[in-house]
Amino acid sequence: MATDPLRLPTDKIVRPDKDRFLNEENPFEAMMSRFDRAAQLLDLEPGLYKVLRHPEKQIIVSVPVLMDSGEVEVFTGYRVLYNTSRGPAKGGIRFDMQVNLEEVKALAAWMTWKCAVVNLPFGGAKGGVICDPLKMSVGELERLTRRYTSGIIATLGPDSDVPAPDVNTNERVMAWVMDTYSMQARHTVTAVVTGKPIELGGSLGRREATGRGCMFMVLEALKHLGMPVQGTTVAVQGFGNVGSVAADLMAKQGCRIIAISDRTGGYHNKAGIDVPGALDHVKKHRSLEGFTGGDPITNEELLTMPVDVLLPAALENVITSKNASKVQAKIICEGANGPTTAGADSILEEKGIFVIPDILANAGGVTVSYFEWVQDRGGYFWTEDTVNQRLEDIMTRSFQEVLQMSKTHKVNMRTAAYMLSISRVAIVHRLRGIYA
Ligand code: GLU
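Now for a description of the structure that goes with this document. For clarity, every value in this text was computed on a predicted model and none was experimentally measured.

### Here we look at the site of the ligand
Right, so step 1: In the vicinity of the ligand there are 14 residues, among which Lys 90, Lys 114, Pro 165, Asp 166 and Ser 369 approach most closely.
Right, so step 2: Here Pro 165 contributes a backbone N or O atom positioned 2.9 Å from a nitrogen atom of the ligand.
Right, so step 3: In this structure, a nitrogen atom belonging to the ligand sits 2.7 Å away from a side-chain N or O atom of Asp 166.
Right, so step 4: Expressed as a share of its isolated accessible area of 290 Å², the protein-covered part of the ligand is 94%.
Right, so step 5: Elements represented by at least two residues in the shell around the ligand include exactly strand 3 (89–95), helix 3 (101–117), strand 5 (161–165) and helix 12 (364–378).
Right, so step 6: Residue composition of the shell around the ligand, grouped by class: 4 nonpolar, 5 polar and 5 charged.

### Focus: the pattern of salt bridges
Right, so step 1: A full pass over the atoms with the stated rule returns 25 salt bridges.
Right, so step 2: Notably, a salt bridge pairs Glu 45 with Arg 430, separated by 2.6 Å at the nearest N-O pair. On the criterion of sequence distance, the pair formed by Glu 45 in the loop between helix 1 (27–42) and helix 2 (46–52) and Arg 430 in helix 14 (residues 413–432) is long-range, its members being 385 residues apart.
Right, so step 3: Linking Arg 94 and Asp 166 is a salt bridge whose minimum nitrogen-to-oxygen distance equals 2.7 Å.

### Some details on a nonpolar patch on the surface
Right, so step 1: Taken together, Leu 66, Val 72 and Val 74 make up a surface patch of nonpolar side chains, about 280 Å² in accessible area.
Right, so step 2: Within the secondary structure, Val 74 sits in strand 2 (residues 72–83).
Right, so step 3: Val 74 gets classed as exposed once you look at its relative accessible area, which sits at 51%.

### Some details on the packing of aromatic side chains
Two measures describe an aromatic ring pair: the distance that separates the ring centres and the angle between the ring planes.
Right, so step 1: Under the definition given, this model contains 11 aromatic pairs.
Right, so step 2: On the numbers, 5.5 Å between centres and 20 degrees between planes, the contact of Phe 35 with Trp 113 is stacked. Here Phe 35 is found in helix 1, whereas its partner Trp 113 is found in helix 3, with 78 residues between them in sequence.
Right, so step 3: On the basis of relative accessibility, which here comes to 0%, the residue Phe 35 falls in the buried class.
Right, so step 4: By relative accessible area, Trp 113 is classed as buried at 0%.
Right, so step 5: Each ring, one from Tyr 370 and one from Phe 371, has its centre 6.0 Å from the other, and the planes form 45 degrees; the classification is tilted.
Right, so step 6: Overall, Tyr 370 belongs to the partly exposed group, its relative accessible area being 22%.
Right, so step 7: The buried category is assigned to Phe 371, whose relative accessible area is 3%.
Right, so step 8: One aromatic cluster is present, built from ring pairs that chain together Phe 28, Phe 35, Tyr 49, Tyr 82 and Trp 113.
Right, so step 9: Positioned above the aromatic ring of Phe 28, the side-chain terminus of Lys 105 is 4.5 Å from the ring centre.
Right, so step 10: Across from the ring centre of Trp 382, 4.4 Å away, lies the NZ or CZ of Arg 390, which sits over that ring.

### Here's the deal with the nonpolar core
Right, so step 1: If you look at the biggest cluster of nonpolar residues, it comprises 91 residues, and the most contacted ones within it are Met 31, Phe 35, Leu 44, Trp 113, Met 250, Ile 260 and Ile 356.
Right, so step 2: Of the residues forming this core, the biggest block, 11 residues, is contributed by helix 3.
Right, so step 3: Those residues in contact with Ile 356 that sit more than four places away from it in its chain are Met 217, Val 218, Ala 221, Ile 331, Ile 332, Cys 333, Glu 334 and Ala 361.
Right, so step 4: Judged by nonpolar contacts, the second largest core, of 25 residues, contains Phe 95, Leu 144, Ile 152 and Leu 156.

### A look at unusual backbone geometry
Right, so step 1: In the Ramachandran plot, Asp 43 falls in the positive-phi region, its phi being about 55 degrees despite a non-glycine side chain.
Right, so step 2: Checked against the element boundaries, Asp 43 lands in the loop between helix 1 and helix 2.
Right, so step 3: Of note in the backbone geometry, Lys 410 takes a positive phi value of approximately 50 degrees without being a glycine.
Right, so step 4: Accessibility expressed as a relative area gives 74% for Lys 410, which makes it exposed.

### A short note on the environment of Tyr 267
Right, so step 1: Tracing the chain through its elements places Tyr 267 in strand 8 (residues 265–268).
Right, so step 2: Here the alpha-carbon distance between Tyr 267 and Asp 295, two residues 28 residues apart in the chain, equals 5.2 Å.
Right, so step 3: Once residues lying within four places of it in the same chain are set aside, the contact partners of Tyr 267 are Ile 258, Ala 259, Ile 260, Ile 273, Leu 288, Glu 289, Gly 290, Phe 291, Gly 294, Asp 295, Pro 296 and Ile 297.
Right, so step 4: A distance of 3.2 Å separates the side chain of Tyr 267 from the backbone oxygen of Leu 288, its partner in a polar contact.
Right, so step 5: For Tyr 267, the side chain forms a polar contact with the main-chain nitrogen of Gly 290, separated by 3.4 Å.

### Quick look at the pairing of strand 1 (residues 57–66)
Right, so step 1: As paired strands, strand 1 and strand 2 are joined by 10 bridges and run antiparallel to one another. Bridge pairing in strand 2 places Ile 59 opposite Arg 79.
Right, so step 2: Between strand 1 and the antiparallel strand that follows it, strand 2, lie 5 residues; Gly 70 among them carries a positive phi value of about 95 degrees.

Cut-offs and rules
Residues numbered from 1 in each chain as written. Predicted model: local features only at pLDDT ≥ 70, side-chain atom pairs only at ≥ 80, totals over all residues. Heavy atoms only, no water. Near = heavy atom within 4 Å. Polar contact = N/O pair within 3.5 Å; in protein donor to acceptor, adjacent residues only side chain to side chain. Areas by Shrake-Rupley, 256 points an atom, 1.4 Å probe, with all protein chains shown as cover. Helix = DSSP H or I, 4+ residues; strand = E, 2+ residues; numbered from the N terminus. Nonpolar A, V, L, I, M, F, W, Y, C, P; charged D, E, K, R; others polar. Salt bridge = Lys/Arg side-chain N within 4 Å of Asp/Glu carboxyl O. Patch = residues over 30% accessible without salt bridge, like charges linked within 9 Å, V, L, I, M, F, W, Y side chains within 5 Å. Buried < 20%, exposed > 50% of the residue type's maximum accessible area, 1.4 Å probe, protein only. Phe/Tyr/Trp six-rings, centres within 6.5 Å; stacked < 30°, edge-to-face > 60°. Lys NZ or Arg CZ within 6 Å of the ring centre and 35° of its normal. Core = buried A, V, L, I, M, F, W, Y, C linked by side-chain atoms within 4.5 Å. Contact = heavy atoms within 4.5 Å. Pairing = 2+ DSSP bridges.

These results come straight from atomic positions and should not be treated as a statement about function.
Next comes the structure, spelled out in structure tokens:
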């Protein structure tokens, strides 16, 4: 029996073996190894350590969809609620062939730490469907989205689980999720999902929020390191909703974007990429393929080129123990979730690269999701300036809090961000106790 009612029951903590085989490609292990390090530094009590290593709820659904061909295809979908101690579960839904349960679990945990690091009253969740949306028609995507939503509807709700866009999902997909949920609830429930079209209760500034947040983080890092903004060279991997907006906003601040890429390949231009031109190209062709504003390079070359700032804004595991020693950037701003493997962390640290970790760097999206949820529930909408100002306040304050943590404990920004967020989740668990 624990003597202090606010402390969880204790028993002998099982410390992970430092030399145990770490599967770099497994994002859940990548998340856990960072969690373990922060938990040890925080001296987290064993019971709580165990609680926080397990997702609260994992849902797997089969999603039958009538395809345009007349055939029925069955897709697999997931929704993982990692932790809801601080509030409703929050996190996106991705449609991608790489989706798997380990990845969704890791992403749901990352959402938990992300919401806590910027101090939003949310827990963390993630969802995904294994599919290739680029090969599907709008009708097929709508049927897939609605059937997947029906499959996970038991957890959804403004007070319980609030999805948002993620890889390959967008405002339109969120509108279908909202409509499907609302038809079951028999009234319109806008706050059940964020990242919606403005007309349906979406927030101004939400679409740009993750990229805008990255821009604020890069500015803070440059200031901290005493580097000028003007002429700062930047390479951006991934030219979707995060990378393209961040590139555009950083160019407007005076940075020189010298390389961009997407899954079709990359482009290098020493004089600076014409970012609005690249955005136009993507609007017309759905990808950067055929872009003429730079010399073709591979994604691998982009990651290791000499730049001041590297912004990986695509998928997981692009900076690994194999290429980390070749990275030449001074700052890495992780626009994507989990772009750096745990094995690469120490290599980057030894090289003195300042890494703004994903759970802080890309928290702008969920921060404006929170604003959207607040606006929907209050039925009162803010101007774009108010949204952007409040986003800047939260992001810069969070950067400073993480930096302070890193100075106090003499750890890098990633460990500091985990320590800050885990300690916030831990406090809530201690206060709430274990429900029996
Ligand atoms: N998918 C985004 C992320 O990974 C946003 C999540 C949200 O707004 O709930 O942070």
